[in-house]
Amino acid sequence: MRRVALVLAVAGVVAAFGSCASAPKVRDVSGPTEIIEHKGTSFGVAQPEWVATVLSTPNQKTLSKSLGIDKHIWVVTKSGENLDFVKTWADQVDARAEIGASIKQGISDFVGARASGENSGMDETVARYSARASAISVSGLNKETDWWVLGISRRDKKNGDEPKYTYMVVYSLDEDLYQKQIKRAFADEDDEITAQLIDYLMSYTMVDAR
């Protein structure tokens, strides 16, 4: 399973400013990154606890509890120098495509795990399952919340590079609806294998940062 998808440098600093309501200072540095600003800085709002949870675990139950959301969750992240562009891309352009790609990757991982070293027919199975994954429309997807951080690594700062924004957005889908869409897409497959696939995908959470 792919781990939570955010720049690792940011993960090292979340705890340092998670409870700070004022603008982070230069000394708020942990590991290789300096946090310059975050979504709540100008409003005197501390970073919510769910951000640290998102950065530390891909576990569905833990994330649902932290976010207070009793649904299946995906976290999409995007990084860049222009916050408006990054937000627009993640919110309007990229989310469904990235979530769809994540589902396909989860299915591929599931097939690989079942193969148990047997390569015979695996490529064909992955291709067939991936094609069926395209029928999972994730209709009913909801944007729950988001957060952004402006930061720069020590290496980038030394090289004279500009700070970058990292934007995280949380999407959710009712689990019953998600399971129905999976069942519909794999209706012609073995019922037992489909049930195992559903169990696997129910724990598959993250989308890689880009």
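Criteria and cut-off values
Residue positions are counted from 1 within each chain, in the order its sequence is given. Totals for whole chains, interfaces and linings use every residue, but because this is a predicted model, local features are given only for residues with pLDDT of at least 70 and side-chain atom pairs only at 80 or more, for both listing and counting. The side-chain figures draw on all heavy atoms in the structure; neither hydrogens nor water molecules are used. Only the contacting stretch of a helix is used when fitting its axis, a line to C-alpha atoms as for every element, and angles between N-to-C directions run 0 to 180 degrees. To qualify as a helix, a DSSP run of H or I must reach at least 4 residues; to qualify as a strand, a run of E must reach at least 2; elements of each kind are numbered from the N terminus. Here the angle decides the label: under 35 degrees means roughly parallel, over 145 means roughly antiparallel, 65 to 115 means roughly perpendicular, and every other value means oblique. By the definition used in this description, the sense in which the near helix is turned from the far one sets the handedness, with an anticlockwise turn below a right angle giving left-handed and a clockwise turn giving right-handed. Throughout, a contact is declared for two residues whenever any of their heavy atoms are within 4.5 Å. Charged residues are taken to be Asp, Glu, Lys and Arg, nonpolar residues to be Ala, Val, Leu, Ile, Met, Phe, Trp, Tyr, Cys and Pro, and polar residues to be all remaining types, Gly included. A simple rule labels every residue: compare its accessible area, found with a 1.4 Å probe on the protein chains alone, to the largest value its type can have, and call it buried under 20%, exposed over 50%, or partly exposed in between. Patch membership is restricted to residues that have no salt bridge and whose relative accessible area is over 30%. Joining uses 9 Å for like charges and 5 Å for the nonpolar side chains Val, Leu, Ile, Met, Phe, Trp and Tyr. All accessibility values rest on the Shrake-Rupley procedure with a 1.4 Å probe; residue burial counts only the protein chains present in the view. Salt bridges are identified by distance alone: a Lys or Arg side-chain nitrogen within 4 Å of an Asp or Glu carboxyl oxygen. Only four residue types enter the charge count: Lys and Arg as positive, Asp and Glu as negative, with His and the chain ends excluded. To locate a charge, take atom NZ for lysine, CZ for arginine, CG for aspartate or CD for glutamate. In this analysis, the expected span of each helix is defined as 1.5 Å times one less than the number of residues it contains. By the criterion applied in these results, polar contacts are pairs of N or O atoms within 3.5 Å in which, for protein atoms, one can donate a hydrogen and the other can accept it, and in which residues neighboring in sequence qualify only through two side-chain atoms. For every residue, the predictor reports its confidence as pLDDT, a number between 0 and 100.

Turning next to the packing of helix α8 (residues 175–185) against helix α9 (residues 191–202). Remark: α8 packs on α9, axes separated minimally by 10 Å, with the N-to-C direction vectors making an angle of 140°. It follows that α8 is oblique to α9 by the angle criterion. Between α8 and α9 the crossing geometry is right-handed. Packed against α8, whose contacting residues are Glu-175, Tyr-178, Gln-179, Ile-182 and Lys-183, the element α9 presents Thr-194, Leu-197, Ile-198, Leu-201 and Met-202 at the interface. Of the residues assigned to the contact of α8 with α9, the class counts are six nonpolar, two polar and two charged.

Structurally, the position occupied by Ala-52 is in helix α3 (residues 49–56). The class of Ala-52 is partly exposed, set by a relative accessible area of 34%.

A few words now on a negative patch on the surface. A surface patch of negative charge is lined by Asp-70, Asp-174, Glu-175 and Asp-176. You can see Glu-175 is positioned in helix α8.

It helps to recall that an α-helix has 3.6 residues per turn; residues three or four apart then point in one direction. With twelve residues, α9 extends 16 Å between its outermost C-alpha atoms, agreeing within 8% with the 16 Å of an ideal straight helix rising 1.5 Å per residue. Within α9, the full set of buried residues consists of Ile-193, Thr-194, Leu-197, Ile-198, Leu-201 and Met-202. For α9, the N-terminal capping position is held by Asp-190, with its side-chain oxygen 3.0 Å away from the main-chain nitrogen of Glu-192.

Moving on, we get to the packing of α3 against helix α4 (residues 60–67). Across the interface, α3 lies against α4 with an axial gap of 9 Å and an inter-helix angle of 170°. Considering the angle they form, α3 stands roughly antiparallel to α4. Counting all contacts with α3, which are made through Glu-49, Trp-50, Thr-53 and Val-54, the residues of α4 involved are Thr-62, Leu-63, Ser-66 and Leu-67. Among the residues forming the contact of α3 with α4, the class breakdown is four nonpolar, three polar and one charged.

Counting all residues, the mean pLDDT for the chain is 77, and 79% of those residues have values of 70 or more. Of all the helices and strands in the chain, strand β1 (residues 29–30) carries the lowest mean pLDDT, 37, while α8 carries the highest, 92. Note that residues 1–31 has pLDDT below 50 and, in this model, 77 contacts with residues that lie over four places away or in other chains.

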